Each structure stands twice: as C-alpha cells, then as structure tokens.
Amino acid sequence: QVQLVESGGGLVQAGGSLRLSCAASGSIFSINAMGWYRQAPGKQRELVAAITSGGTTDFADSVKDRCTISRDNSKYTVYLQMNSLKPEDTAVYYCHITYRDRLSRYFEVWGQGTLVTVSS
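Residues numbered from 1 in each chain as written. Predicted model: local features only at pLDDT ≥ 70, side-chain atom pairs only at ≥ 80, totals over all residues. Heavy atoms only, no water.

**Notes on the packing of aromatic side chains**
Test applied: Pairing of aromatic side chains requires ring centres within 6.5 Å, counting the rings of Phe and Tyr and the six-membered ring of Trp. Pairs whose planes differ by under 30 degrees are stacked, by over 60 edge-to-face, and all others tilted. Helix and strand assignments come from DSSP, with helices taken as H or I runs of at least 4 residues and strands as E runs of at least 2, each series counted from the N terminus. Only protein chains enter the calculation, and the probe is 1.4 Å; a residue is then buried if its accessible area is under 20% of its type maximum, exposed if over 50%, and partly exposed in between. Cation placement over rings: the criterion is NZ of Lys or CZ of Arg within 6 Å of the ring centroid and within 35° of the ring normal.
Evaluation of the coordinates by the stated rule reveals two aromatic pairs. Taken together, a centroid distance of 5.0 Å and an interplanar angle of 65° make the contact between Tyr37 and Trp110 edge-to-face. On the criterion of sequence distance, the pair formed by Tyr37 in strand S4 (residues 30–39) and Trp110 in strand S10 (residues 106–110) is long-range, its members being 73 residues apart. Classification of Tyr37 by relative accessible area gives partly exposed; the value is 23%. Under the relative-accessibility criterion, Trp110 is labelled partly exposed at 36%. Stacked on the ring of Tyr94, the Lys or Arg Arg45 has its end atom at 3.7 Å from the ring centre.

Below is the structure:
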C-alpha cells in the first residue's frame, strides 16, 4: 500500500499563512482524491479541503475563502495553502488519499498527522 509523508505544520500567529504538503508513494495506478482533514481536541475529525484527480475541489465553509488546495499528479503530492489563519484553525491536520492500484483494487490511507497551532 501507499505511504503518506506530511510536512508544513508548525506554530504561526493569527493572520499568518502556512502551506501543508503531503506526498504519497507506493503502488498507485490512479488517484480518486487527496485531501486534508483536521481534528481539534475534543472534536470530531472534519474535512478541510480535498481535490479529485480531475481537479474538482471541496472545502469546509470555514476555510473556503482562506485556503487553496492543489496537487501535482506526477508527484502524487497535494498542497494546502492556508492564509489568514485563526486560532480556531488549530488542530492536527491529516492527509488522506483514496486510490486504485494496477489491479484496480481500491485503497484508502491516512497520514500520521501534522500539528498546526495558531496563536492569538
């Protein structure tokens, strides 16, 4: 199966920006979608943004005016640019991928998570 490597998390002041990256490696034939979810303490994991192989995007209402998601299909990498960050954005951010291998078998993989902390 595929392994995901996440990077870009850290501490940023309110109003600042971060770019998260997630690179997938392994036996990928076709990607269905890649995206980012987040989970704050005491809360359910929620979708932040996702992008399909065809370029269709989906954003949480709370971030849609402040975030951009993009991907490099040749590198199996997805990027989440987050601007005008708010303390409410503080969470562990998890990369997620759904894909098929050469035998058309379906897989779903989660990254280990990267912490984003926005100070007020």
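**A closer look at the pairing of strand S1 (residues 3–7)**
The condition is simple: For two strands to pair, DSSP has to find at least two bridges joining them.
The side-chain alternation of S1 yields one buried face, formed by Leu4 and Glu6, and one unburied face, formed by Gln3, Val5 and Ser7. Of the strand pairs in this sheet, S1 and strand S3 (residues 18–25) are connected by five bridges, and their pairing is antiparallel. Bridge assignment links Gln3 to a residue of S3, and that residue is Ser25.

**Description of the pattern of salt bridges**
Cut-off, in case you're wondering: By definition, a salt bridge exists where a carboxyl oxygen of Asp or Glu is found within 4 Å of a side-chain nitrogen of Lys or Arg.
Applying the stated rule across the entire model yields five salt bridges. One salt bridge connects Arg105 with Asp101, and the closest N-O pair in it is separated by 2.9 Å.

**Topic: the state of the cysteines**
Just so we agree on the cut-off: Cysteine sulfur pairs qualify as disulfides if the two atoms are within 2.5 Å.
Counted by the stated rule, this structure contains one disulfide. Across the disulfide, Cys22 is cross-linked to Cys95 (sulfur-sulfur distance 2.0 Å). On the S-S bond that ties Cys22 to Cys95, the torsion sits near -90°, and the link is left-handed. Of this pair, Cys22 sits in strand S3 while Cys95 sits in strand S9 (residues 91–100), and the two are 73 residues apart along the sequence. One exposure class covers both Cys22 and Cys95, and it is buried. A disulfide-free cysteine, Cys67 has its sulfur positioned 15 Å from the sulfur of Cys95, the nearest such atom.

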